[in-house]
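An overview of the molecular structure
Each chain, written out:
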Amino acid sequence: MPGASGRVLVVDDNKVIRQLIKVNLELEGFEVVTASDGAECLDIVHDVAPDVITLDVVMPRLDGFGAAARLKADPRTRDLPVAIISACTQYEVESGIEAGVDAFIAKPFEPAELVQVVRRLVERRGRRERRGAGAGQRG
């Protein structure tokens, strides 16, 4: 069942890493859409409607922290879980927390860890949406 595990928007300026993340997630049943930087991520996020976004930090035009901060500032995307995939230095973790990032995956990453973190974020979002639907938000 394609897409049964959720849709992930993978954002990284390195094509090889983008493909590596995509393949690992698709093997576990996720539907994956990719973007090459934070600006492209913001351009397509509403059309893609992902369940989770993974962001590299160092990218041209708009870095991962800038993209995360803008996603969290937008009422339409503020509840989208965001995971940073980077070297995860102390500075990056602190900056990510400030930007509202939900999880960190250190490069080089283990594919199993990547899948586990993304799955946890998809499940958390699903629980949040079910609670919201039960609060009288019927369409």
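Here, the structure is the one placed above.
Residues numbered from 1 in each chain as written. Predicted model: local features only at pLDDT ≥ 70, side-chain atom pairs only at ≥ 80, totals over all residues. Heavy atoms only, no water.

Some remarks on the overall build of the protein
If you tally the helices and strands in the protein, you get five helices and five strands. The order of α-helices and β-strands along the protein, N terminus first, is β-α-β-α-β-α-β-α-β-α. Taking 2.2 N^0.38 as the reference for a compact globule, 139 residues should give roughly 14 Å; the C-alpha atoms of the protein span a radius of gyration of 14 Å, in line with that estimate. Here the protein holds 139 residues, and the buried ones make up 43% of them. By sequence separation, contacts in the protein at least 24 residues apart represent 59% of the contacts at least 6 residues apart. As displayed, the protein offers around 7,500 Å² of accessible surface, 50% of which is attributable to carbon and sulfur atoms. (Helix = DSSP H or I, 4+ residues; strand = E, 2+ residues; numbered from the N terminus. Rg over C-alpha atoms; globule rule 2.2 N^0.38 Å. Buried < 20%, exposed > 50% of the residue type's maximum accessible area, 1.4 Å probe, protein only. Contact = heavy atoms within 4.5 Å. Areas by Shrake-Rupley, 256 points an atom, 1.4 Å probe, with all protein chains shown as cover.)

Let's talk about the sheet that holds strand 5 (residues 103-106)
Spatially, 2-1-3-4-5 is the arrangement adopted by the five strands of the open sheet, whose pairing is parallel. Each edge of the open sheet is held by one strand with a lone partner, namely strand 2 (31-35) and strand 5. With direction set aside, neighbouring strand axes in the sheet form an average angle of 20 degrees. Judged from the four bridges that link them, strand 4 (residues 82-86) and strand 5 form a sheet pairing that is parallel. Of the residues in strand 5, the one forming a bridge with Ile85 is Ile105. Packed onto the sheet, helix 3 (residues 64-73) meets strand 3 (52-55) and strand 4 and runs at close to 180 degrees relative to strand 4. (Pairing = 2+ DSSP bridges. Axes fitted to C-alpha atoms, helices over the stretch in contact; angles between N-to-C directions.)

Examining the pattern of salt bridges
Tallied over the full model, the rule gives 10 salt bridges. The shortest N-O distance in the salt bridge between Glu28 and Arg119 comes to 3.6 Å. Of this pair, Glu28 sits in the loop between helix 1 (15-27) and strand 2 while Arg119 sits in helix 5 (residues 111-133), and the two are 91 residues apart along the sequence. A relative accessible area of 39% means that Glu28 is categorised as partly exposed. With relative accessibility at 31%, the residue Arg119 sits in the partly exposed group. (Salt bridge = Lys/Arg side-chain N within 4 Å of Asp/Glu carboxyl O.)

Observations concerning helix 1
Taking 1.5 Å of rise per residue, the 13 residues of helix 1 would be expected to cover 18 Å, and the 18 Å separating its terminal C-alpha atoms lies within 8% of that figure. Buried within helix 1 are the following residues: Arg18, Ile21, Asn24 and Leu25. Within helix 1, the buried residues cover an arc of 135 degrees as seen down the axis, which keeps them to one side. In this structure, helix 1 carries Lys15, Val16 and Leu27 as exposed residues pointing more than 90 degrees from its buried face. One side-chain oxygen of the residue at the start of helix 1 lies 2.9 Å from the amide nitrogen of Val16, identifying that residue as Asn14. Following helix 1 by one or two positions, Gly29 has its phi on the positive side, about 95 degrees. (Expected span 1.5 Å × (residues − 1). Arc of directions from axis to C-beta. Polar contact = N/O pair within 3.5 Å; in protein donor to acceptor, adjacent residues only side chain to side chain.)

Read these as geometric descriptors, not functional statements.
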